[in-house]
Structure formats: C-alpha cells, structure tokens
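Below are the chains, spelled out letter by letter.
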Amino acid sequence: MAHRYRCGECGFSTRWSTESEAGDLAAAHYADHHPGLPLGGIVQINEKNPRTLGCLPMIGIMLLLLLIIASCRR
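The structure reproduced in this document is the subject of the present report. (Residues numbered from 1 in each chain as written. Predicted model: local features only at pLDDT ≥ 70, side-chain atom pairs only at ≥ 80, totals over all residues. Heavy atoms only, no water.)

What the protein contains, in helices and strands, is 2 helices and 2 strands. Traced from its N-terminal end to its C-terminal end, the protein shows the element sequence β-α-β-α. Taking 2.2 N^0.38 as the reference for a compact globule, 74 residues should give roughly 11 Å; the C-alpha atoms of the protein span a radius of gyration of 22 Å, well beyond that estimate. By its C-alpha atoms, the protein is 75 × 20 × 15 Å across when sized along the principal axes. By the burial criterion, 18% of the 74 residues in the protein qualify as buried. Here the protein has roughly 5900 Å² of accessible surface; of this, 62% comes from carbon and sulfur atoms. Of the charged side chains in the protein, 7 are positive and 6 negative; the average position of the first set lies 24 Å away from that of the second. (Helix = DSSP H or I, 4+ residues; strand = E, 2+ residues; numbered from the N terminus. Rg over C-alpha atoms; globule rule 2.2 N^0.38 Å. Buried < 20%, exposed > 50% of the residue type's maximum accessible area, 1.4 Å probe, protein only. Areas by Shrake-Rupley, 256 points an atom, 1.4 Å probe, with all protein chains shown as cover. Lys, Arg positive; Asp, Glu negative; His and termini not counted. Charge placed at Lys NZ, Arg CZ, Asp CG, Glu CD.)

Structure (structure tokens):
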C-alpha cells in the first residue's frame, strides 16, 4: 500500500511512498512553504501493490500456451 499527501493550501503533493515518509514530506513542505499553519490537506491511499506486474504474467502464460498448441499441430 502506498500513501500520498496533498497540501490543503496549494497544489503540492508528495510522491507515492510509505505512510511515514509521506507524512514527513508533507510536514517538511508545510514548514518550508506554510510556516505557522497546522498540517492539513488530504491523504490518498493506493491499495494496489506497487510491486505487482498486473496482467503481464497471465498474458505471458497465454502466449506460451498458444505457442505450445501451434507447435503440436505440425
């Protein structure tokens, strides 16, 4: 799961990262650009695993099966 903070005062958003790292980046942004204001904005959560390959393995398996079927017909 990845997290990203969007600033409540401007259009800034942190990169997708861990919750603690995104929180640290948001706090640093507020300290630099909005001193004296409490940390605000929204948190976005990407529940997809960023390390997955999506449907790529399934496509590879299907192509391999098609290759095997085509070679068996000869």
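This structure, assessed with the given rule, holds 1 salt bridge. One salt bridge connects Arg15 with Glu21, and the closest N-O pair in it is separated by 2.5 Å. For Arg15, a relative accessible area of 51% puts it in the exposed group. (Salt bridge = Lys/Arg side-chain N within 4 Å of Asp/Glu carboxyl O.)

This next bit is on the side chain of His29. Mapped onto the fold, His29 is located in helix α1 (residues 19-33). In this structure the side chain of His29 is engaged in a polar contact, spanning 3.3 Å, whose partner is the side chain of His34. Beyond its immediate sequence surroundings of up to four residues, His29 is in contact with Cys7, Cys10, Phe12 and His34. (Polar contact = N/O pair within 3.5 Å; in protein donor to acceptor, adjacent residues only side chain to side chain. Contact = heavy atoms within 4.5 Å.)

Attention shifts here to a nonpolar patch on the surface. Among the surface-exposed residues, Met58, Ile59, Ile61, Met62, Leu63, Leu64, Leu65, Leu66, Leu67, Ile68 and Ile69 lie close enough to one another that they form a single nonpolar patch of about 1100 Å² accessible area. Its location among the elements puts Ile61 in helix α2 (residues 56-72). (Patch = residues over 30% accessible without salt bridge, like charges linked within 9 Å, V, L, I, M, F, W, Y side chains within 5 Å.)

Mapped onto the elements of the fold, Thr18 is located in the loop between β1 (2-6) and α1. For the pair Thr18 and Ser71, spaced 53 residues apart in sequence, the C-alpha separation works out to 47 Å. In this structure the side chain of Thr18 is engaged in a polar contact, spanning 3.2 Å, whose partner is the backbone nitrogen of Glu21.

Here we take up the state of the cysteines. Across all of its chains, the model carries 0 disulfides by this definition. Note on Cys10: no disulfide assigned, nearest cysteine sulfur contributed by Cys7 at a separation of 3.6 Å. For Cys10, a relative accessible area of 35% translates into the label partly exposed. (Disulfide = S-S within 2.5 Å.)

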